[in-house]
Amino acid sequence: MDLKYGNKNIVAGIVAILIALPLTFFIERAGAKHQFHDKAAQAVIDTKNTPQFDDDQVSEIKKGPAYRMGGLYFNNVYPDAYVRVFNFYRESGLNMRLFLIVFGLLNILAGIVVGFRSGAGKAIRKTASVFALVGLLFVLRDSVFFIGRYVNPEFSPMSSAPILYPLMIAGGTGMFVAGILSLVIFLRGVKNA
């Protein structure tokens, strides 16, 4: 057993999971902040003056003053005419926590495989280790979106999106490649054991 190549992945994975767990408090607390509430929009339906529902058509979407009830915003006129509009900032917090846990588990698994399967060769083990660590970039976009809105209600990520999306794609690719290489390392290690 030689964990020289895999120990940093295991440590990074454990740290990621330990960070993801206390984030739960802030993500759930976000539900009490106005800028994280689910929104609603009033759908104006044109019934075409017929009793059939199949020819009804949405003619307009209105936004207006509304009150919150059961996760939805309604006004006092036509509550049933409102459709839910998810708040992607809060969804970003949920994604951030999920992706951190996935990143952590992937790195712990990759670290163990890279460390135990010394028969697979140093180059491929180093490469898998590096790609697994690059996977942290996958969490970056959702972290910026959620933390930015949590700290500043006026935050808009639009200026940073052209930078964040390529980094997120690179992180996702890194995790995928690390997973494939870990499988190859495992099979080679078993074969050469």
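Because the structure is predicted, anything quoted here is derived from the model rather than measured.

Draft legend 1. Representation of helix H3 (residues 122-134) in the model. Helix length check: H3, at 13 residues, gives a terminal C-alpha distance of 19 Å against a target of 18 Å (1.5 Å per residue), a fit within 8%. Within the sequence span of H3, burial applies to Ile-124, Arg-125, Ala-128, Ser-129 and Ala-132. The arc that holds the buried residues of H3, viewed along the axis, is 140°, so those residues lie on one side. In H3, the exposed positions angled more than 90 degrees off the buried face are occupied by Lys-122 and Ala-123.

Draft legend 2. Highlighting the side chain of Arg-97. In this structure, Arg-97 sits in helix H2 (residues 88-116). Exposure remark for Arg-97: the relative accessible area of 18% places this residue in the buried category. The residues contacting Arg-97, other than those within four sequence positions of it, are Ala-20, Thr-24, Ile-27 and Glu-28.

Draft legend 3. Representation of the nonpolar core in the model. Formed by 21 residues in total, the largest nonpolar core has its most connected members in Phe-36, Met-96, Leu-100 and Phe-146. Among the secondary structure elements, those contributing two or more residues to this core are helix H1 (7-29), H2, helix H4 (140-151) and helix H5 (161-192). Ranked by the residues each element gives to this core, the list is headed by H2, at six residues. Among all residues touching Met-96, those that are not within four sequence positions of it are Leu-23, Val-139, Asp-142, Ser-143, Phe-146 and Ile-147. Listed in part, the eight residues of the second largest apolar core include Val-114, Ala-120, Ile-124 and Ala-128.

Draft legend 4. How the structure looks around the pattern of salt bridges. Applying the stated criterion across every chain yields a total of three salt bridges. A salt bridge links Glu-28 to Arg-97; its shortest N-O distance comes to 3.9 Å. On the criterion of sequence distance, the pair formed by Glu-28 in helix H1 and Arg-97 in helix H2 is long-range, its members being 69 residues apart. Note that Asp-142 is salt-bridged to Arg-141, the shortest N-O span being 2.9 Å. Each of the two residues, Asp-142 as well as Arg-141, counts as buried. By sharing partners, the salt bridges in this structure join Glu-28, Arg-90 and Arg-97 into a single network.

Parameters at a glance
- Residues numbered from 1 in each chain as written.
- Predicted model: local features only at pLDDT ≥ 70, side-chain atom pairs only at ≥ 80, totals over all residues.
- Heavy atoms only, no water.
- Helix = DSSP H or I, 4+ residues; strand = E, 2+ residues; numbered from the N terminus.
- Expected span 1.5 Å × (residues − 1).
- Buried < 20%, exposed > 50% of the residue type's maximum accessible area, 1.4 Å probe, protein only.
- Arc of directions from axis to C-beta.
- Contact = heavy atoms within 4.5 Å.
- Core = buried A, V, L, I, M, F, W, Y, C linked by side-chain atoms within 4.5 Å.
- Salt bridge = Lys/Arg side-chain N within 4 Å of Asp/Glu carboxyl O.

As far as function goes, none of this settles anything; it's purely spatial.
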